[in-house]
Amino acid sequence: MKSPQSSSVTAGIRSRQHYPRIEALPDAQRYLVACQSPESLPGTGEAAGNARQQLQMHCQLISTLLDQLGSHEVGGAVQSAPATEALPTGPADNARLHRWYDVDDRPKACDALVGAISEIGVAGCLVIIGSEHFVWQVANLAQQQGLLLDDMVMLPVAALGRHVFCVHCQQVSEHVIHSPAACDGCGLMLEVRDHFSKRLGAYLGVRIDAEAPGEIPPQEEVAPCLAS
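These numbers were taken from a predicted model, which means no experiment stands behind them. (Residues numbered from 1 in each chain as written. Predicted model: local features only at pLDDT ≥ 70, side-chain atom pairs only at ≥ 80, totals over all residues. Heavy atoms only, no water.)

Re the overall build of the chain
1) Next: A tally of regular secondary structure across the chain gives four helices and 16 strands.
2) Next: Buried residues in the chain amount to 43% of all 228 residues.
3) Next: Contacts in the chain between residues far apart in sequence, at least 24 positions, make up 66% of those at least 6 positions apart.
4) Next: Carbon and sulfur atoms provide 50% of the accessible area of the chain, an area that totals close to 10900 Å². (Helix = DSSP H or I, 4+ residues; strand = E, 2+ residues; numbered from the N terminus. Buried < 20%, exposed > 50% of the residue type's maximum accessible area, 1.4 Å probe, protein only. Contact = heavy atoms within 4.5 Å. Areas by Shrake-Rupley, 256 points an atom, 1.4 Å probe, with all protein chains shown as cover.)

Considerations on the sheet that holds strand β12 (residues 181-182)
1) Next: Read from one edge of the open sheet, five strands run β10-β9-β14-β13-β12, paired in mixed fashion. One side of each edge strand has no neighbouring strand; the edge strands of this open sheet are β10 (172-176) and β12.
2) Next: One ladder, built from two bridges, connects β12 with strand β13 (residues 189-197); its direction is antiparallel. Within β13, the position partnered with Ala 182 by the bridge is Met 189. (Pairing = 2+ DSSP bridges.)

Brief notes about the confidence of the model for the chain
1) Next: Averaged over every residue, the pLDDT of the chain is 82; residues scoring 70 or more account for 82%.
2) Next: Mean pLDDT values for the elements of the chain range from 50 in strand β5 (residues 79-80) up to 96 in β12.
3) Next: A low-confidence stretch, residues 80-85 (pLDDT under 50), is modelled with 12 contacts involving residues beyond four sequence positions or located in other chains. (pLDDT = per-residue confidence, 0-100.)

Overview of the packing of aromatic side chains
1) Next: The final tally for this structure, using the stated rule, is two aromatic pairs.
2) Next: Pairing Trp 136 with Phe 196 gives two aromatic rings, centres 6.2 Å apart and planes at 55°, and the pair type is tilted. Within this pair, whereas Trp 136 is found in helix α4 (residues 132-144), its partner Phe 196 is found in strand β13, the two being separated by 60 residues in sequence.
3) Next: Three or more aromatic residues joined by ring pairs make a cluster, and in this case those are Trp 136, Phe 196 and Tyr 203.
4) Next: We note Arg 162 situated over the ring of Tyr 203; from NZ or CZ to the ring centre the distance is 4.1 Å. (Phe/Tyr/Trp six-rings, centres within 6.5 Å; stacked < 30°, edge-to-face > 60°. Lys NZ or Arg CZ within 6 Å of the ring centre and 35° of its normal.)

Section: the side chain of Ser 37
1) Next: Take Ser 37: it is sitting in the loop between β3 (30-36) and α1 (45-69).
2) Next: Sequence-distant contacts of Ser 37, defined by excluding residues within four places in its chain, comprise Asp 102, Val 103 and Asp 104.

Quick notes on α1
1) Next: The end-to-end C-alpha separation of α1 is 37 Å, in line with the 36 Å expected for 25 residues at 1.5 Å each.
2) Next: All of the buried residues along α1 are Ala 48, Ala 51, Leu 55, His 58, Cys 59, Ile 62, Leu 65 and Leu 66.
3) Next: On its buried side, α1 packs onto β3, β6 (97-103), β7 (124-130) and β8 (152-156).
4) Next: One or two positions beyond α1, positive phi appears at Gly 70, with a value near 75°. (Expected span 1.5 Å × (residues − 1).)

Points about the environment of Gln 17
1) Next: Within the secondary structure, Gln 17 is located in strand β2 (residues 13-19).
2) Next: Relative accessible area serves as the criterion here: at 2%, Gln 17 is assigned to the buried category.
3) Next: As for Gln 17 and Asp 194, which are separated by 177 residues in sequence, their C-alpha atoms are 9.4 Å apart.

Points about the environment of Ser 40
1) Next: By the secondary structure assignment, Ser 40 is in the loop between β3 and α1.
2) Next: The spatial distance from the C-alpha of Ser 40 to the C-alpha of Ser 131 is 10.0 Å, given a sequence separation of 91 residues.

See the structure below:
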């Protein structure tokens with residue numbers, strides 16, 4: 001199954017991901033939607049409001065697309081993490097089914113999706129909505145269950161900052177919005193690069209004053225993920 005919205009790399013920076021706008025979902029019998037819980041989105045004030053608004057817009061888009069496909073929800077109400085109830089099998093397989101999971105941005109909560117991901121099978125489609133780090137955290141779990149990236153639709157919330165992996169101490173600093181930024185682990189001032197690791201769901205951070213210790217340039221806001 002080829003997804004009409006597969007993440008692609010950006011010209012010039014081969015590792016940075018681009019998430020094109022989608023106008024339709026891939027043809028599948030089963031759809032599983034993993035949506036990051038609004039309560040687990042970071043930040044306060046206007047930034048947090050923008051992130052939640054964008055999350056809601058993504059959710060409305062997917063709901064509309066599922067309605068257009070004539071799919072119906074399995075189990076009724078929205079599920080909250082941890083939720084591991086399997087999608088039904090048998091005669092209902094002939095109908096388009098979908099289930100929606102509201103997932104906290106925590107490893108244990110994401111792990112709770114493993115059972116459901118494994119149940120949607122090769123004829124299924126996984127839709128992931130949330131921060132870019134959350135999207136790849138779930139995508140990596142899904143790949144471990146045998147799903148391909150072509151079987152996934154990714155809708156990251158561009159209003160959130162970046163997760164940054166420090167190449168010096170291997171610590172991940174969460175939701176960084178400016179560069180340079182102090183590493184949460186070793187405290188070094190890091191230049192936030194555009195190079196992105198799918199495995200970590202994070203951008204690379206490199207000491208910015210390695211050649212001239214103490215010379216720290218002014219901070220600049222980092223661009224969000226490339227989501228149309």
